[in-house]
Amino acid sequence: MAPPVLLDQLLRERTAALLQSATDYRRYARHLSSRLHRLRKTLKVRRRVPAKARKSTAAPADAIMSKYKTHVPSAPELETDKRFAGILLLAAERAWAHAMESKATMENNAAGAPEKKRHILSRLEKARKYAAALQSILLDDNTSVTSFTDYERLQVVTYTSVISATGDLESRNYDKAVASLAVAYTGLSGLVLNFSTPDASDDDNDMADLYRDLLSNTIEPALKFSAIQVDSSSRSVAVLALARKYLPTSPVDRLVSSVAKDEIKAKELLSGKSEAVEALSTMPTTRWRSHTAQLRDASVAAAILAARTADETLFSDVLSPSGNAAKNLSSRDKALRFDPALLAWQDAVDAVHDAIAEVTNSSIDGAQERIQELHIVSTYANYSLISRRIARDNLLVSQLRSTLSKKQKKVSNPSAAVSKSVASHVRAITGIYDAILQSISQIIELPGVAADEALSNALSSLQKYYTSLRLAIAAVGYPQASVDASIYWKKAVDEINDVDEVVLNLDHDDIEDDNNTKILFTVDVPGTRKLLTSGAATSQSYSEQAKISEEAILEAQRKKGSQPFVIDTLTSAAMWIDKRTGKTKVVDMERLVDLENIARLTPVPAKPVFFDTAFNFIGYEDGIEKELTASSAAAANVSGKPEIPTAAQPEEKKIGWFWRR
């Protein structure tokens with residue numbers, strides 16, 4: 001027997017139909033009509049009312065007016081075959097599709113809007129009646145319909161509340177809408193908890209995702225909007241708390257308790273006390289650089305509290321390790337430990353951004369003050385996110401630098417070209433330093449940072465510090481004895497000398513956080529300065545040695561009279577000016593090319609096309625042409641062929657295509 005048509009199947013069909021325009025809704029309604037017709041035919045349900053029954057005075061009023069009536073299945077029918085429930089739910093879904101079609105048409109064409117509005121409300125009320133009829137039968141204690149499980153009953157209750165809320169929102173009856181939406185929110189959350197098991201199948205996970213989409217994209221925004229319309233103070237209340245506040249007397253709690261497989265989350269759902277609500281009471285305010293902001297949004301407070309919890313694990317494992325297990329972690333493993341904290345802080349940043357957008361688009365009193373507070377929280381969350389991202393990048397750099405130092409030890413000749421592996425490591429480290437510098441620029445652009453002189457100066461010095469490290473790594477990408485390496489080393493030393501160590505020692509006590517926020521400014525400026533100065537001196541010494549050895553070789557060749565040929569020095573240095581000394585070279589015009597070596601070369605025959613073209617225009621004397629004619633005639637007589645007289649042809653002057661141009 002086929003499963004009954006309930007909310008799960010209807011959601012799958014809505015998703016497959018891709019409902020966006022009036023045409024899509026019309027096609028979807030026709031599809032539902034076809035399914036409903038087949039189901040009635042399979043179950044042998046008769047809709048047509050006989051003429052005698054219509055004329056009978058004992059017949060119902062709606063039967064007297066119409067040839068057809070909607071078949072409401074009885075409890076014995078539902079007990080015998082669950083498919084009878086699909087008759088009412090498919091009819092309700094078809095009425096909803098007709099209403100959405102009219103609504104989409106009215107949005108594109110406002111002509112006849114009052115009539116269309118009445119038609120929409122009529123269709124939605126019809127859908128509500130169908131769904132409510134099935135719900136009353138399944139939840140009636142007097143009717144013993146035991147074939148339906150609590151999960152299936154919860155689907156019917158949830159679908160009925162969703163359809164009712166849709167009609168209430170269309171009629172702008174927000175008091176009823178918020179009650180229906182509270183039931184829908186609780187029911188959908190319970191349906192999601194029915195699949196919250198580790199061994200859930202792929203189909204169950206897909207169904208849970210459909211429930212979550214309907215919950216997050218439709219029910220939660222509508223519940224928030226309706227609650228604000230009823231009471232403006234509900235703007236800062238969490239959605240879960242709103243659902244418990246406006247939940248009417250309904251069997252949905254009993255059904256959720258029966259189907260939920262996660263007891264902890266089910267308890268939070270039914271009690272209305274979630275992590276967001278507790279976070280708001282645990283952390284009512286936050287402070288950033290002597291600015292205190294009140295956390296009014298529960299979702300923002302919950303996100304920041306979750307990020308701080310992730311930070312505790314990060315600091316205990318990586319940034320402030322105390323055990324041997326943390327010390328044995330490799331740089332790569334330590335970098336991976338940053339991912340949970342980075343994701344948590346990114347969620348906090350997104351929550352603050354959504355809260356700012358919501359307050360900006362609203363017309364509540366004191367909106368500007370709340371926006372200022374949210375900007376303070378936004379700066380705090382973004383600063384925490386970016387600082388931990390920079391700390392993670394520094395770990396990656398330390399790992400690459402250790403590998404790079406091992407490869408550099410194998411290079412014995414300072415004038416040798418850099419290997420491909422060294423060049424690839426240099427490019428990777430340079431890219432990470434570019435990301436770090438970009439992250440620091442993002443911190444400088446945060447609200448309130450530019451007005452903080454101490455923090456701005458510290459960030460500027462930090463930029464110079466990482467710029468010096470980037471230049472030092474760029475110098476490693478050139479041979480140690482090259483001029484380019486010396487130039488990069490000199491620029492790196494100049495940048496590190498401009499770093500002010502006093503400015504970097506900020507007072508971080510005015511940043512409220514359980515963890516240490518000094519990780520951004522934990523840099524070893526004296527050690528880095530010493531290292532870069534040593535590297536610059538080494539590169540300069542190699543460069544001077546290479547210069548002295550080259551000059552010695554040239555001087556020895558000049559004394560021996562064996563100055564190199566000009567053609568051999570064209571690709572190694574400038575022809576007339578020496579790049580290192582800046583002096584003009586004296587070129588011996590008698591030593592342009594080594595003629596002895598050229599004489600030993602094997603010549604290659606060449607046939608220039610220009611000479612072939614010019615050869616066609618060489619004029620011959622008359623005697624030569626006569627000799628050629630006589631020789632051809634003699635050859636004809638020898639072969640025995642008679643000479644054929646030819647008519648005199650006018651002399652044509654040859655003009656080639658080349659010269660006509």
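All figures in this text were calculated on a predicted structure; none of them were measured in a lab. (Residues numbered from 1 in each chain as written. Predicted model: local features only at pLDDT ≥ 70, side-chain atom pairs only at ≥ 80, totals over all residues. Heavy atoms only, no water.)

### Remarks on the overall build of the chain
- Secondary structure summary: the chain contains 28 helices and 2 strands in total.
- Within the chain, buried positions represent 40% of all 661 residues.
- Sequence-distant contacts in the chain: of pairs separated by 6 or more residues, those separated by 24 or more amount to 71%.
- For the chain, the computed accessible surface area is about 38300 Å², with 53% contributed by carbon and sulfur atoms. (Helix = DSSP H or I, 4+ residues; strand = E, 2+ residues; numbered from the N terminus. Buried < 20%, exposed > 50% of the residue type's maximum accessible area, 1.4 Å probe, protein only. Contact = heavy atoms within 4.5 Å. Areas by Shrake-Rupley, 256 points an atom, 1.4 Å probe, with all protein chains shown as cover.)

### Quick notes on the packing of helix α1 (residues 7-17) against helix α10 (residues 202-230)
- As a packed pair, α1 and α10 sit with axes 11 Å apart at the nearest point and diverge in direction by 75°. Judged by the angle between their axes, α1 and α10 are roughly perpendicular. Judged by residue contacts, L7, D8, L11, R12 and T15 of α1 engage D203, M207, L210, Y211 and L214 from α10.
- Class assignment of the residues belonging to the contact of α1 with α10 gives a composition of 6 nonpolar, 1 polar and 3 charged. (Axes fitted to C-alpha atoms, helices over the stretch in contact; angles between N-to-C directions. Parallel < 35°, antiparallel > 145°, perpendicular 65-115°, else oblique. Nonpolar A, V, L, I, M, F, W, Y, C, P; charged D, E, K, R; others polar.)

### So, the environment of A341
- Mapped onto the elements, A341 comes out in helix α18 (residues 339-360).
- On the accessibility criterion, A341 (1% relative accessible area) is buried.
- Spatially, the C-alpha atoms of A341 and S384 are 9.7 Å apart, while their sequence positions differ by 43 residues.
- Residues in contact with A341, not counting those within four places in the same chain, are A310, D311 and L314.

### Looking at empty space enclosed by the protein
- Within the structure shown, the criterion is met by 2 cavities of 30 Å³ or more.
- Taken as a whole, the largest cavity spans an internal volume of roughly 70 Å³.
- Around the largest cavity sit Q294, L295, R296, D297, V300, R370, E373 and L374, which together line it.
- Per element, the largest residue contribution to the lining of the largest cavity is 3 residues, and it comes from helix α19 (residues 367-409). (1 Å grid on protein atoms, 1.4 Å probe; cavity = no way out; pocket = protein on both sides within 12 Å on 5 of 7 lines; lining within 4 Å. Points joined across faces, edges and corners; volume = space filled by probe spheres on them.)

### Here we look at the pairing of strand β2 (residues 291-294)
- Across 4 bridges, the pairing between strand β1 (residues 285-288) and β2 is antiparallel. Bridged to T286 within β2 is A293.
- Counted along the chain from β1 to the antiparallel partner β2, the turn is 2 residues long, and its residue R289 has a positive phi close to 50°. (Pairing = 2+ DSSP bridges.)

### Quick look at the environment of V145
- The residue V145 is located in the loop between α7 (113-139) and α8 (150-170) in this model.
- The class of V145 is buried, set by a relative accessible area of 2%.
- Separated by 66 residues in sequence, V145 and E79 have C-alpha atoms that sit 5.3 Å apart.
- Leave out the neighbours within four places in its chain, and V145 touches A75, L78, E79, I137, L138 and R153.

### Quick notes on the confidence of the model for the chain
- Summing up the model confidence of the chain, the mean pLDDT is 77 and the portion of residues at 70 or higher is 72%.
- Ranking the elements of the chain by mean pLDDT puts helix α4 (residues 61-65) last with 45 and α8 first with 90.
- Throughout residues 56-65 the model reports pLDDT below 50, and contacts reaching past four residues in sequence, or to other chains, amount to 5 contacts. (pLDDT = per-residue confidence, 0-100.)

### Side note on the nonpolar core
- Counting residues in each nonpolar core, the largest one holds 81 residues, and the members touching the most others are L78, W96, Y211 and I219.
- Looking at which element gives the most residues to this core, the answer is helix α6 (residues 85-108), with 13 residues.
- Contact partners of I219, with chain neighbours within four places excluded, come to V162, L181, A184, Y185, L188 and L214.
- Ranked by size, the runner-up nonpolar core spans 75 residues in total, among them A344, I432, I443 and A458. (Core = buried A, V, L, I, M, F, W, Y, C linked by side-chain atoms within 4.5 Å.)

### Notes on the packing of aromatic side chains
- Overall, the coordinates contain 8 aromatic pairs when judged by the stated rule.
- A ring pair is formed by Y174 and F225, whose centres lie 5.7 Å apart and whose planes are at 75°; its orientation type is edge-to-face. In this pair, Y174 sits in helix α9 (residues 174-193) while F225 sits in helix α10, placing the two residues 51 residues apart along the sequence.
- Owing to a relative accessible area of 40%, F225 belongs among the partly exposed residues under this scheme.
- Through pairs of rings, three or more aromatic residues link up here, namely Y151, F195 and Y211. (Phe/Tyr/Trp six-rings, centres within 6.5 Å; stacked < 30°, edge-to-face > 60°.)

### Brief notes about helix α22 (residues 483-497)
- Taking 1.5 Å of rise per residue, the 15 residues of α22 would be expected to cover 21 Å, and the 21 Å separating its terminal C-alpha atoms lies within 8% of that figure.
- For α22, the full list of buried residues reads A485, S486, W489, A492, V493 and I496. For α22, the buried positions fall inside an angular range of 125° around the axis, keeping them on one side. (Expected span 1.5 Å × (residues − 1). Arc of directions from axis to C-beta.)

### Some remarks on the pattern of salt bridges
- According to the stated counting rule, one finds 19 salt bridges in the structure shown.
- The salt bridge involving R26 is made with E101; its shortest N-O contact spans 2.8 Å. Here R26 is found in helix α2 (residues 22-43), whereas its partner E101 is found in helix α6, with 75 residues between them in sequence.
- What makes E101 buried here is its relative accessible area of 14%.
- Between E170 and K117 there is a salt bridge whose closest N-O contact spans 2.9 Å. Of this pair, E170 sits in helix α8 while K117 is found in helix α7, placing the two residues 53 residues apart along the sequence.
- By relative accessible area, which is 11% here, E170 ends up buried.
- You can call K117 partly exposed: its relative accessible area is 30%.
- Several salt bridges converge on common partners, so that one network encompasses K103, K117 and E170. (Salt bridge = Lys/Arg side-chain N within 4 Å of Asp/Glu carboxyl O.)

### Observations regarding the side chain of E373
- Note that E373 resides in helix α19.
- Once residues lying within four places of it in the same chain are set aside, the contact partners of E373 are A293, Q294 and R296.

### Considering α2
- In a regular helix each residue adds 1.5 Å, so 22 residues correspond to 32 Å; α2 covers 31 Å between its end C-alpha atoms and thus fits that length.
- Looking at the buried side of α2, the elements it contacts are α1 and α6.

### Considering unusual backbone geometry
- In this structure, L18 is a non-glycine residue whose phi angle is positive, near 55°.
- Here L18 lies in the loop between α1 and α2.
- Judged by relative accessible area, L18 falls into the exposed class, the value being 57%.
- Even without glycine at this site, R172 takes up a positive phi of about 60°.
- Following the sequence through the fold, R172 ends up in the loop between α8 and α9.

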